[in-house]
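Structure assessment
Listed here are the chains, written in short residue letters.
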Amino acid sequence: GDVIISQIKGSIELVAQSLDATLKNVSGNIIFKNKGGNVDLDKVNGRIDLSVISGDVSLYGCNGDITLNIENGNNILTNIKGEINSAITLGETIVDNFDGTTATFNINVGSLKLSNSNANIEAKIDIGDIKIDKVRGNTNLYTAKGSINIKNIIGDNIARSNFGDINGMNISGKVNVISEIG
């Protein structure tokens, strides 16, 4: 089934087996645990805590600290303010226009594409690529098997890859690059 929640002031807690959910124009904290289904949040102000076993997550225009735990699904975050802490077992993460203190991404298998950020970025990926563009903040990036591409960065950078290429362009700040095979 589907759940659509709109124009709410107050906290929301949802626990579901399988549903697609859309939450729009919500002011308050959100706790959502879903075994299967997509989750779309649009213009949410407050702390967001999402756990999804299988489904895509899309956040747009959200303001608050965000915690995401996704086992199988893609993660798209656009126009976000606050702090991001994201853990994904299998899936791609795309972030555009992030303004906050720190964004942390832990991905087992998948890629991270991030652009237009005013925050420190930390990423650890077991298998997958990292592409970062237009960041004002420090970056600490690691992939065990995959490439790292960073460009237009203002801040200190650490880029590590056990097996993959590391490329950088137009970087202002200290750069520390470690590549075993690449």
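Refer to the preceding data block for the structure.
Owing to the predicted nature of the structure, the values given are computational and were not obtained by experimental measurement.

For the rest of this paragraph, the subject is the overall build of the chain. A tally of helices and strands in the chain yields zero helices and 17 strands. For 182 residues, the compact-globule estimate of 2.2 N^0.38 gives 16 Å, and the C-alpha radius of gyration of the chain, at 17 Å, lies within 12% of that figure. Here the C-alpha coordinates of the chain stretch approximately 45 × 25 × 15 Å along the principal axes. The 182 residues of the chain split such that 40% are buried. Taking as baseline every contact in the chain between residues at least 6 positions apart, the subset at least 24 positions apart corresponds to 0%.

Now for the side chain of S147. Along the chain, the position of S147 falls in the loop between β13 (139-145) and β14 (148-154). With near-sequence residues (within four places) excluded, S147 lies in contact with G128, D129, I130 and D165.

As a rule of thumb, soluble globular proteins bury nonpolar side chains together. Membership of the largest hydrophobic core comes to 44 residues, with the highest contact counts inside it found for L41, L50, L59, F105, L112, I121 and I132. For this core, the element with the most residues is strand β11 (residues 112-127), which contributes six residues. Not counting the four nearest positions on each side in its chain, I132 is found in contact with L112, L114, I121, L141, N149, I150, K151 and I153.

Thresholds applied
Residues numbered from 1 in each chain as written. Predicted model: local features only at pLDDT ≥ 70, side-chain atom pairs only at ≥ 80, totals over all residues. Heavy atoms only, no water. Helix = DSSP H or I, 4+ residues; strand = E, 2+ residues; numbered from the N terminus. Rg over C-alpha atoms; globule rule 2.2 N^0.38 Å. Buried < 20%, exposed > 50% of the residue type's maximum accessible area, 1.4 Å probe, protein only. Contact = heavy atoms within 4.5 Å. Core = buried A, V, L, I, M, F, W, Y, C linked by side-chain atoms within 4.5 Å.

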